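Geometric and topological summary
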Amino acid sequence: MAGNNVSYNEHGDRGLGRESTELGLEATAMTLGTAAGAAFRLFSTDYKKNEDLHQMLESNKDSLKLEAMKRIVGMIAKGKNASELFPAVVKNVASKNIELKKLVYVFLVRYAEEQEDLALLSISTFQRALKDPNQLIRASALRVLSSIRVSIIVPIMMLSIKEAACDLSPYVRKTAAHAIQKLYSLDPEQKEPLVEVIEKLLKDKSTLVAGSVVMSFEEVCPERIDLIHKNYRKLCNLLVDVEEWGQVVIINMLTRYARTQFVSPWNEEEFHEANQEKYFYDSDKEKNNNDPIAARTPYSMDPDHRLLLRNTKSLLQSRNAAVVMGVAQLYWHLAPKSEVSIVTKSLVRLLRSHREVQYIVLQNIATMSIQRKGMFEPYLKSFYVRSTDPTQIKVLKLEILTNLASEANISTILREFQTYVKSQDKQFAAATIQAIGRCATNISEVTDTCLSGLMYLLSNRDENVVAESVVVIKKLLQTQLSQHSEIIKHMAKLLDKITVSMARASILWLIGEYCERVPKIAPDVLRKVAKSFINEEEIVKLQILNLGAKLYLTNPKQTKLLMQYILNVAKYDQNYDIRDRTRFIKQLIVPIEKSGALSKYAKKIFLVQKPAPVLESPFKDRDRFQLSTLSHSLNTKANGYLELPDWPKTAPDPSVRNVEVIQPIKEVVTPVHKLKAKKDTSGAKFYSDSEEEEEEEEEESSESSTSSNGSETDSKSEDGNSSSSEDSSDSESEKEKTNEESEISDTEESKTKSKKIQSETTSESEESSSADSSKSETDSEVDSTVKQKKVESKRMSQVKDTVKQEVSLLDLVDFSDVSTPVAVPKPVTSSRLATDLEGLSLSSDSSVINVITPVFVPPKSYELLHRMSGKGLGAQYYFSRQPCIYSPNMVSVHITFINSSDQEIRNIQIGELKLTSGMKMHNFHEIDSLKPGTSKTVSMGIDFCDSTQAANFQLCTNNDHFGVSIQPPVGELLLPVSTSEKDFIKEQAYLCAFQFCNDRFFSTSAIKTIHLLTMLLL
């Protein structure tokens, strides 16, 4: 379809040959310089020979290389063969000089098809360039790689396109979209994987990619409408920001899409017109009784249909004529009839553009003006012919003026036509006479006026004007029932002067058709033309035979001998059509014994009344093609044209265009002091409701100190010992927190800590509390010691709940899901046991250090083998952080193999090991086969010997060997443990004994310390 779009912008990649030519012209224009003398020197014949080109290309100076490439491109432009320089040119592909690289790309594209073997030498260079940090280099490499028309590199091109489709740069993704079309034209069997890439690129939100991928969609799989459903609204919204040539492609695609997904808006307007006409004569009572029209459901436009019309309306102001024409055809084919007139002003504005643009726009306006005259009637003067217009533009404007002619403006148009008839352009003057005839046929009020004007033209000196007038008068006389013998007599007199064969044939046809109205003139005309029969044109000879046959049947006495003479002469004519017509007429009108039954009906055959010709516009049948296409311009179906689908009778399901909007997850980050307050509140809730009320009042103490004091007084009146219980519960909760942090503590330490924390809390609330409240808090500290023992038994029942609360607090920090159980330090059974153990001295060997199961986090994958380096085989590895099943000293590594090629890969295994001393490796089981597009994960174990050095080995298949390496991060070599604060401080003291030597750890205590640090950091 894109190939049929006449208004397609020239900036798009429309073909490989054109692209290479444009690339060559662009690079040559950039590098050959602007001076005319330099350009002449490059293409002149006396330029120095190219013997030194090899030396210049192999030099270390970019200036010499650039000069050599200029000469080579000049040789190519002159048609000389420069293929012998291919190896020397390829070496400069990796040059950092952009101008030099462009010229090299031009050379490679030129000789890639002719020199396939030589072109393959540069493939590896382009593969390396595809990984270049510069996005322009990556895109240029892909562009040239896809322009090499060699079927051998189709798999490489496919892999490059897939990789470029995932590139971070939208410019590279745009180039990948263009490369899809080139690869499809080279190998149509790659359609399915290319469709997958197109589906991925259609989801791209970049405006730079949208137009290119839709272009590829139109070329590769225009029938896959299902790929557009989810992207329809996105394309409509991005349309304004897409580049101009991409807008043209997207508009054409969305036009076809809308014709398949929405109901026609025209049926509703026809329904309203029929409804109004019917109800004009009916009474109100008849309207409501048994009326199928009234029972019809009113039409409501689909919101997506309206979205498309609304978002394309602003593009009518585009500076690009192709975009304006695309929106005009979209409104013509999709919008309600009442809204189509929006495009009129924009189309008239395009008539000020270049003549090529005018030609296409006028063709489309001519088609529109046949069905909807009212759109362009206010702009009638815009279609007046100018003297500077070329002939094709004049004829199209004349056609539009004829279509717009009506009873109101016919007088103005005829005055214009009178001027046009006098034009020196003979083709345009003849077209004007035909236009006058059409106006006379369409508007009966001016028929006589037009006939008079045409009769006046018969006396014109220009023979072509007279001949065309005769032809038009002949058609007009057929449409008139009244007799026009005077006109026929006048035209018979002109027969001797007119030499144009079509005009002479028209006069003879008129005399023969109406011979009964001119009985005296007709035989004499036959006598004259019989003398010149031999010298007449073929079309005139056929009309002479018809005239003789009609006169033979109506006036045989005067014309019998003349007719016999004409038949005898025509029987030996060189043209077989005339000989056949002569034999047919002779057998039909001359009665003989062997004549058939048709001779009885000769008069009915020749003298029957002929139907009047219909003078129609040549653009009347062009509406079967989509506007603004090549097929519409040529009035014939061009290769690759996609017909516009008909409107569906029932609207398809609109929910297919719904896209699930994933709301971003908002992390609820609670401040530390609020987390502490929540924890204290949950502990206080267990003991007393009054305490909960008091803590809520303390949080709201900033409102007023009076309300704070009042609330404390009320709580005291409810329970005389509530303040003491509050302080007791606070102290117990603080001790509970202390017990969770350390396993060994005594009651005295917990008392001291609780007093410190309580004093901090009291100091924070001094501004909102009175002296009485601070005094009650001091008294409650004494009572808390008495009730401490009673609370300890209750506190143990809440240990499990406290652990659960800690897990929930971890969830607030947005940790990943815990797939393995997390070991939590066991709480101390009672404070008495802690007091008894206080005096015991523990050695360093008896530190409580427990190995725990690691917390699962999403594994980070590392690339082991790139699919380009592995010839389609890709491999990635990650550390599972689980105990290795092969050896406790080994680290478990999982490797995932992916077959990105189109062939099956067999016997994937580990080959030669290149490990450092002390390292060990347990190989995975051999993979017998890996089918294309599939993946498989295997497990292996590696003992890095407490080293961060990489493990090097070979990865083998049935055909190739690839050198790979696995290097572990430091964190993957450490073991997760849990310990108390005291043990951590003791182990931290061993850091002084921590030493590094050849990337190995020698201190066991230091290893434990690193484990502890890792645990705390996590």
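To keep things clear, this report deals only with the structure shown in the data block. Model, not experiment: these values are computed from the prediction.

Rules and cut-offs
- Residues numbered from 1 in each chain as written.
- Predicted model: local features only at pLDDT ≥ 70, side-chain atom pairs only at ≥ 80, totals over all residues.
- Heavy atoms only, no water.
- Helix = DSSP H or I, 4+ residues; strand = E, 2+ residues; numbered from the N terminus.
- Buried < 20%, exposed > 50% of the residue type's maximum accessible area, 1.4 Å probe, protein only.
- Contact = heavy atoms within 4.5 Å.
- Pairing = 2+ DSSP bridges.
- Axes fitted to C-alpha atoms, helices over the stretch in contact; angles between N-to-C directions.
- Parallel < 35°, antiparallel > 145°, perpendicular 65-115°, else oblique.
- Left-handed = near helix turned anticlockwise from the far one by under 90°.
- Nonpolar A, V, L, I, M, F, W, Y, C, P; charged D, E, K, R; others polar.
- Phe/Tyr/Trp six-rings, centres within 6.5 Å; stacked < 30°, edge-to-face > 60°.
- Lys NZ or Arg CZ within 6 Å of the ring centre and 35° of its normal.
- Polar contact = N/O pair within 3.5 Å; in protein donor to acceptor, adjacent residues only side chain to side chain.
- Core = buried A, V, L, I, M, F, W, Y, C linked by side-chain atoms within 4.5 Å.
- Salt bridge = Lys/Arg side-chain N within 4 Å of Asp/Glu carboxyl O.
- Patch = residues over 30% accessible without salt bridge, like charges linked within 9 Å, V, L, I, M, F, W, Y side chains within 5 Å.
- Areas by Shrake-Rupley, 256 points an atom, 1.4 Å probe, with all protein chains shown as cover.

Turning to the overall build of the chain, a few remarks are in order. Helix and strand content of the chain: 45 helices and 13 strands. By the burial criterion, 46% of the 1018 residues in the chain qualify as buried. Looking at the chain alone, contacts between residues at least 24 apart form 67% of all its contacts between residues at least 6 apart.

What follows concerns unusual backbone geometry. Of note in this structure, Asn635 is not a glycine but carries a positive phi near 60°. Locating Asn635 in the fold gives a position in the loop between helix H34 (630–634) and helix H35 (672–687). Take Asn635: its relative accessible area is 22%, and that puts it in the partly exposed class. The phi angle at Asp946 is positive, at roughly 55°, despite the residue not being glycine. Tracing the sequence through the fold places Asp946 in the loop between strand S8 (935–943) and strand S9 (951–956). For Asp946, a relative accessible area of 40% corresponds to the partly exposed category.

Read across the open sheet, the four strands follow the order S7-S5-S9-S10; overall the sheet is antiparallel. Edge positions in the sheet fall to strand S7 (927–930) and strand S10 (961–966), since each of these pairs with one other strand and no more. Across the sheet, the axes of successive neighbouring strands diverge by a mean angle of 35°, strand direction being ignored. Of the strand pairs in this sheet, strand S5 (residues 905–914) and S7 are connected by three bridges, and their pairing is antiparallel. Each bridged residue has a counterpart across the sheet, and for Arg906 the counterpart in S7 is Ser929.

On to the packing of helix H9 (residues 135–147) against helix H10 (residues 154–165). Two elements in contact, H9 and H10, have axes whose closest approach is 10 Å; the angle formed by their N-to-C orientations is 150°. Viewed along their axes, H9 and H10 adopt a mutual orientation that is roughly antiparallel. Where H9 crosses over H10, the two elements pack in a sense that is left-handed. Listed contacts from H10 to Leu142, Leu145 and Ser146 of H9 are Ile156, Met157, Ser160, Ile161 and Ala164. Of the residues that constitute the contact of H9 with H10, the class distribution is six nonpolar, two polar and no charged.

With that out of the way, let us pick up the side chain of Thr125. Tracing the chain through its elements places Thr125 in helix H8 (residues 123–129). Residue Thr125 is classed as buried on the basis of its relative accessible area of 11%. If we ignore the near neighbours within four places in the chain, the residues touching Thr125 are Val93 and Ala94.

Attention now goes to the packing of aromatic side chains. Here the structure, examined in full by the defined rule, presents 13 aromatic pairs. Judged by centre distance (6.2 Å) and plane angle (75°), the ring pair of Phe376 and Phe383 falls under edge-to-face. For the pair Tyr420 and Phe428, a centre-to-centre distance of 5.3 Å together with 50° between the ring planes defines the contact as tilted. Judged by relative accessible area, Phe428 falls into the buried class, the value being 2%. Looking at Lys474, its charged tip hangs above the ring of Trp509, at a distance of 4.7 Å from the centre. Here the guanidinium or amino end of Lys541 rests over the ring plane of Phe533, the centre of that ring lying 5.7 Å away.

Turning to the side chain of Ser880, a few remarks are in order. Relative to the helices and strands, Ser880 resides in strand S3 (residues 873–883). Judged by relative accessible area, Ser880 falls into the buried class, the value being 15%. In this structure the side chain of Ser880 is engaged in a polar contact, spanning 3.1 Å, whose partner is the side chain of Ser892. The contacts of Ser880, once residues within four sequence positions are left out, are Ser892 and His894.

Next up on the list: the nonpolar core. Core analysis: the biggest nonpolar cluster contains 200 residues, and Ile72, Phe107, Leu108, Leu347, Phe417 and Ile589 have the highest contact counts within it. Take this core: its biggest share by element is 11 residues, from helix H19 (residues 321–334). Within the second largest apolar cluster, 28 residues are counted, among which are Val893, Ile905, Ile910 and Met921.

On to the pattern of salt bridges. The full count for this structure, using the stated rule, is 29 salt bridges. Between Glu536 and Arg504 there is a salt bridge; the shortest N-O distance is 2.8 Å. Here Glu536, found in the loop between helix H29 (521–531) and helix H30 (538–554), pairs with Arg504, found in helix H28 (residues 501–513); they are 32 residues apart in sequence, far enough to count as distant. Taking the shortest distance from any N to any O, the salt bridge between Glu513 and Lys610 comes out at 3.3 Å. Placement of the pair is Glu513 in helix H28 and Lys610 in the loop between helix H33 (602–606) and H34, with a sequence separation of 97 residues. In this structure, a network of salt bridges that share partners links the residues Arg233, Asp302, Asp304 and Arg657.

Residues Leu598, Tyr601 and Ile605 make up a contiguous nonpolar surface patch of about 300 Å² in total accessible area. The topology assignment puts Tyr601 in the loop between helix H32 (576–589) and H33.

Here we come to the environment of Cys884. Along the chain, the position of Cys884 falls in the loop between S3 and strand S4 (891–899). Relative accessible area serves as the criterion here: at 12%, Cys884 is assigned to the buried category. Here the alpha-carbon distance between Cys884 and Met940, two residues 56 residues apart in the chain, equals 8.4 Å. The contact partners of Cys884, leaving out residues within four places of it in the chain, are Met890, Val891, Ser892 and Gly941.

Spatially, five strands are ordered S2-S3-S4-S8-S6 in an open sheet, and the strand pairing comes out antiparallel. Only two strands of the sheet have a single partner each, and these edge strands are strand S2 (862–865) and strand S6 (920–922). Ignoring strand direction, the axes of neighbouring strands in this sheet form an average angle of 35°. Direction of pairing for S4 relative to S8: antiparallel, over a ladder of eight bridges. Note on S8: the bridge partner recorded for Ile898 is Ser935.

Everything listed here is a matter of geometry and, on its own, says nothing about what the molecule does.
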